[in-house]
Structure formats: structure tokens, C-alpha cells
Amino acid sequence: MSKVVLVTGANSGIGLALCERLLSHDAEGLQLCLACRNMQRAQAARSALLASHPRAQVALLQMDTSSISSVIAAAQEVKLRYNRLDCLYLNAGIMPNPQFDIRAFFRGLFSSRVVSMFATAEGILTQKDGLTADGLQEVFTTNLFGHFVLVRELEPLLCHAGLTSQLIWTSSSNAHRSAFSMGDIQHRRGTQPYSSSKYASDLLSLALNTHYNKRGLYSSVICPGFVMTSLTYGILPSFPTFLWTLFMPIFWLIRILTNTFTLTPYNGAEALFWLFKQKPESLDPQAKYHSLTSGLGRNYTQARRMDVDLHTSQDLFEKLLQLETEVDRVCSSAADGRTAYSTTCL
Ligand SMILES: NC(=O)C1=CN([C@@H]2O[C@H](COP(=O)(O)OP(=O)(O)OC[C@H]3O[C@@H](n4cnc5c(N)ncnc54)[C@H](OP(=O)(O)O)[C@@H]3O)[C@@H](O)[C@H]2O)C=CC1
Ligand SMILES: CC(C)CCC[C@@H](C)[C@H]1CC[C@H]2C3=C(CC[C@]12C)[C@@]1(C)CCC(=O)[C@@H](C)[C@@H]1CC3
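Residues numbered from 1 in each chain as written. Chains lettered and ligands numbered in written order. Predicted model: local features only at pLDDT ≥ 70, side-chain atom pairs only at ≥ 80, totals over all residues.

If you look the chain up in an unreviewed UniProt entry, it shows as 3-keto-steroid reductase/17-beta-hydroxysteroid dehydrogenase 7 from Tetraodon nigroviridis. If you open the UniProt record of the chain and go to Sequence similarities (unreviewed entry), you find "Belongs to the short-chain dehydrogenases/reductases (SDR) family. ERG27 subfamily." The UniProt entry for the chain carries this comment under Subunit (unreviewed entry): "Binds to the short form of prolactin receptor." (UniProt positions renumbered as here; feature names shortened; annotations may be inferred.)

J.: Explain the overall build of the chain to me, please; I cannot follow it from the model alone.
T.: The helix and strand tally for the chain stands at 14 helices and ten strands. Relative to the 2.2 N^0.38 estimate, which gives 20 Å for 346 residues, the radius of gyration of the chain is 20 Å and therefore close to what a compact globule would have. Projected onto the principal axes, the alpha-carbon positions of the chain cover approximately 60 × 50 × 40 Å. The proportion of buried residues among the 346 residues of the chain is 45%. (Helix = DSSP H or I, 4+ residues; strand = E, 2+ residues; numbered from the N terminus. Rg over C-alpha atoms; globule rule 2.2 N^0.38 Å. Buried ≥ 20, exposed ≤ 12 C-beta atoms within 10 Å, placed from the backbone.)

J.: Even after reading the chapter, I still don't get the nonpolar core, so can you show me in this structure?
T.: Nonpolar side chains in soluble globular proteins tend to end up buried together. Core analysis: the largest hydrophobic core is formed by 88 residues, its most contacted members being Leu18, Cys19, Leu32, Leu34 and Ala35. Discounting chain neighbours no more than four positions away, the residues touching Leu18 are Val7, Tyr89, Ala269, Leu272 and Phe273. (Core = buried A, V, L, I, M, F, W, Y, C linked by C-beta atoms within 7 Å. Contact = placed C-beta atoms within 7 Å.)

J.: Help me out: how do you make sense of the sheet that holds strand β9 (residues 287-293) in this one?
T.: As a general point, the strands of a sheet are linked pairwise by backbone hydrogen bonds and lie either parallel or antiparallel. Taken in spatial order, the eight strands make up an open sheet running β3-β2-β1-β4-β7-β8-β9-β10, and their pairing is mixed. On the outer flanks of this sheet lie β3 (57-62) and β10 (299-305), each paired with one strand and no other. Each neighbouring strand pair of the sheet contributes to a mean axis angle of 25°, computed without reference to strand direction. Judged from the six bridges that link them, strand β2 (residues 30-36) and β3 form a sheet pairing that is parallel. From the neighbouring strand, Gln31 faces β3, where its bridge partner is Gln57. (Pairing = 2+ DSSP bridges. Axes fitted to C-alpha atoms, helices over the stretch in contact; angles between N-to-C directions.)

J.: Mind showing me how you'd approach the site of ligand 1 here?
T.: Looking at ligand 1, there are 30 residues lining it, with Gly9, Gly13, Ala92, Gly93 and Thr229 nearest. Mapped onto the shell around ligand 1, the elements with two or more residues apiece are α1 (13-25) and α9 (230-233). Of the residues belonging to the shell around ligand 1, the class tally is ten nonpolar, 17 polar and three charged. (Near = placed C-beta within 6 Å. Nonpolar A, V, L, I, M, F, W, Y, C, P; charged D, E, K, R; others polar.)

J.: Explain the site of ligand 2 here, please?
T.: Residues in close proximity to ligand 2 total 14 residues, the closest being Ala121, Ser172, Ser173, Asn174 and Phe226. For the shell around ligand 2, the class distribution of residues is nine nonpolar, five polar and no charged.

J.: Teacher, can you tell me more about the UniProt feature "transmembrane region" (unreviewed entry) in the chain here?
T.: Per the UniProt record, "transmembrane region" (unreviewed entry) is found at residues 242-258. From the first C-alpha to the last, residues 242-258 spans 23 Å; its make-up is 88% helix and 0% strand.

J.: I would appreciate a short explanation of the environment of Ser332 in the present structure.
T.: One can find Ser332 in helix α14 (residues 310-335). It is 33 Å that separates the C-alpha atoms of Ser332 and Gly15, two residues lying 317 residues apart in sequence.

J.: How do you make sense of the environment of Asp328 when you look at a structure like this?
T.: Take Asp328: it is sitting in helix α14. On the basis of neighbour counts, which here come to 13 C-beta atoms within 10 Å, the residue Asp328 falls in the partly exposed class. Between the C-alpha atom of Asp328 and that of Ile68, which follows or precedes it by 260 residues, the distance is 8.9 Å.

J.: Hey, could you run me through the packing of helix α3 (residues 68-81) against helix α6 (residues 138-153) in this one?
T.: In a pair of packed helices, the angle between the axes and the distance between the axes together describe the arrangement. Closest axis-to-axis distance for the α3/α6 pair is 9 Å, and the angle between their directions is 30°. Judged by the angle between their axes, α3 and α6 are roughly parallel. Helix-helix and strand crossings are classified by hand; for α3 and α6 the assignment is right-handed. Contacts from Ile68, Val71, Ile72 and Ala75 in α3 reach Gly146, Val149, Leu150 and Glu153 in α6. Taken together, the residues of the contact of α3 with α6 break down into six nonpolar, one polar and one charged. (Parallel < 35°, antiparallel > 145°, perpendicular 65-115°, else oblique. Left-handed = near helix turned anticlockwise from the far one by under 90°.)

J.: I keep staring at the environment of Thr132 and nothing clicks. Help me out?
T.: With respect to the helices and strands, Thr132 occurs in the loop between β6 (125-127) and α6. Given 20 C-beta atoms within 10 Å, Thr132 falls into the buried group. For the pair Thr132 and Ile68, spaced 64 residues apart in sequence, the C-alpha to C-alpha distance is 9.7 Å. Residues contacting Thr132, with those up to four places away along its chain left out, are Ser66, Ser67, Glu138 and Thr141.

J.: Can you walk me through the confidence of the model for the chain in this structure?
T.: Low-pLDDT stretches of the model should not have their predicted coordinates read in fine detail. In this model, the chain carries an average pLDDT of 94, and 96% of its residues clear a pLDDT of 70 or more. Within the model, the stretch residues 338-346 combines pLDDT values under 50 with 15 contacts to residues more than four positions away or in other chains. (pLDDT = per-residue confidence, 0-100.)

J.: Would you take a moment to explain the pairing of strand β4 (residues 87-90) for this structure?
T.: Of the two faces of β4, the one holding Cys87 and Tyr89 and the one holding Leu88 and Leu90 are both buried throughout. Here strand β1 (residues 3-8) runs beside β4; their pairing, made up of three bridges, is parallel. In the sheet register, Leu6 faces β4, and the bridge partner there is Leu88. Pairing between β4 and strand β7 (residues 165-170): four bridges, direction parallel. When the bridges of β7 are listed, Tyr89 appears paired with Ile168.

This is the structure we're talking about:
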């Protein structure tokens, strides 16, 4: 029986490279569904995949993870099209308006934390976040909450007696506990919404395992390493793309120090692809699976323990459930024509 796999943010970067790798592994035994916000870009990605795998089954789904109504509509469509889902990749993500602290970067270069700075970007990156049309924080909603609502809506397709399914989150080594606050899960008040949203996805994955393992659903988290994609190019917007290419020899040298410089989307997708081939029951719910590339260009996956605990993960899960109920209430009162209030109070 063919496996049904859905990938969010599949039209570019790591998501697209993952689709290519999945099809190269098993073009005919998969029903691949690319969930994207922009259908023109989605169509281009589908054509590229079909050019190298003409017999593959590749479907498209319109979904904007920053819009809860779009996520709910997309989930309804998935339920009409498929009767089960084997693997759901929660990969779409943004890092809007990044501010790169050059001084901190040069201080870091000549300090003992140079390797960790290149691996995690700790202390050198902040972002300016915005609000979605629902009044939620944009980074939190796109990277985490939209995906949470998707998982909840697709529960009937993911939890089947006697069968296992996988959730695989594209997190980051930029996920730091210090950037996350349980009193401000959307990160309204801080300057590191990206780091906060990725740390929240690490916590959430653990909580999802606690709640769903008994129903055959397993969740894992990966870090693709540092990959050259449009997300990365956005960090230095005044830098033309070709200048990044000029830096490649330096990046290859850095790769000798830290194998986290995977650099290409193909390499970055290593852990995503590796997890697909594992038995979900055999995976460690407290581990983050890192895509790594050695100085000689060998790709491999390494499990590293995450800085998460069960109690905090459970608290976050409950807060997300509350927010889901609130958003639902606001949306249905707006649909009824009653006065809708902004979710900024949530
Ligand atoms: N590049 C890196 O070094 C690292 C990346 N990551 C993570 O990897 C994931 C993939 O990013 P990457 O491939 O690098 O970057 P890209 O920008 O190439 O890919 C991001 C994908 O997410 C999609 N997306 C963004 N916002 C939404 C939305 N609201 N609804 C639906 N889809 C959306 C984008 O669609 P569109 O084309 O329409 O913008 C795009 O397809 C992200 O979660 C990122 O945080 C983690 C660690 C390192
Ligand atoms: C051009 C200069 C010679 C070097 C510039 C270096 C920085 C722009 C990079 C150094 C470490 C990088 C990094 C990321 C972005 C670009 C750097 C800050 C990430 C934050 C990208 C997104 C992630 O999720 C992280 C895992 C990356 C960590 C390393």
C-alpha cells in the first residue's frame, strides 16, 4: 500500500529537497502532497519534481500556516482526499526582518564560543515580528500554532488502530530555552520570536508524544543545520546572492570546525529523510535529530538531547489548546456577524 506524506513549505529550500529525496527513494510507493501558500510556486515545484520522477503521484494543497481559517480549510480538503496520513512534515517557517548584530558577531569570532556561535547563531540574531489578520504573532503562528491546529484537525487521519504515523518538525539549533517564556508563548514582548517558536516546537513535540503515542502517533524534531536558502539570504538582505556564493570556501572551512554547516538543501534534508526510514516507536522523544555534513562532505544524522522537560511541555500543550478554543470562538463569532474582538488579548 502506498504511503501518504504531506509536507508544509514544500515549494522551496529544505522542504523541496526533502520531496526530491523521498521520490528518489520510492517514486511509485508514495502519495506526496505539497502544502504551500502560493500556488504558482507550488505548481513550479510540482513540475520540477515530475520532470525527474514522471510516474510519481504529487498533489498540491493550498495552505497558509499563518491563517487559522486557511489551515482548517486545508485540513478539510485533506480529509476528503485521503483516508489516512502516514507522515506529516511540519516544515514551513519564517524569520522575518532579521537584524544581524555585526559587533556581537566579531566579538564572538575571537571568543571561546566561536563554534557554538556558528552552529546556533546565539547572541547575534534578533527579528521584528508582525501580527497576522487574526491578531496573532506572525512567527509564532506560521512556525508553530498553524501547525498545531493542523495536527489537531488531522487527528482522525493520523491516529489509526494498529498503525503508526509520524509528525516531523523542522526545528533549529537556534531554539533556546532563554528565548521562550510560558507567560508570553507568542513572544509579543521579546526580540527573538524565531528562537522562541523553535524552542516551543521542541516542547510541543515532546507533549504530542505524551498524548498521542498510545494512539500510534509519534512526533520527532530535526535541525537541518545551516543551509543556504531564501530564509538565510534574508539575514543579510543587502548582500546579493552571488556574494554568498563567494563565501562558500570559507563556509567549507567552517564545516571542518562544525559539521552543522550542511549548506545545501539536499544535505539539510538528511535528518528529515532519515527519520522517514525509521520505525517511529524506536525514536527518542527527547532527542533532536541533526542533519550534519563532515569536512569531507559525508552526510549523517545525529541524535542530541534537547533542553526540554515533561512538565513545561505539558504546560505549553494546555496553553495551545486554550488558544485554539479562543481562536475558534473569535472566528465563529465573526462568522455569525457578532462583534469580533482581536485575538491580541490572548
Ligand atoms: N535555512 C536554514 O539554515 C535553516 C532552516 N530551518 C528551518 O527550515 C524550514 C524550511 O526553511 P528553508 O528551507 O530554510 O527556507 P525557505 O524560505 O526556502 O522555505 C520556507 C518554506 O516555508 C514556506 N512558508 C513560509 N511561510 C508560510 C506560510 N505562512 N504558509 C505556508 N508556507 C509558508 C515558504 O513558502 P514561500 O515560498 O511561499 O515563502 C517556503 O516554502 C523552516 O522551518 C526554517 O525555520 C531551520 C534551521 C536552519
Ligand atoms: C557573511 C559572513 C562572512 C558570515 C555571516 C555569518 C552569519 C550570517 C551566519 C553565521 C551562523 C549562521 C546561522 C544562521 C543564519 C546565518 C548565520 C547567523 C541560522 C540562524 C539560520 C537559521 C537557523 O535556524 C539556525 C540553525 C542557523 C544557525 C547558524
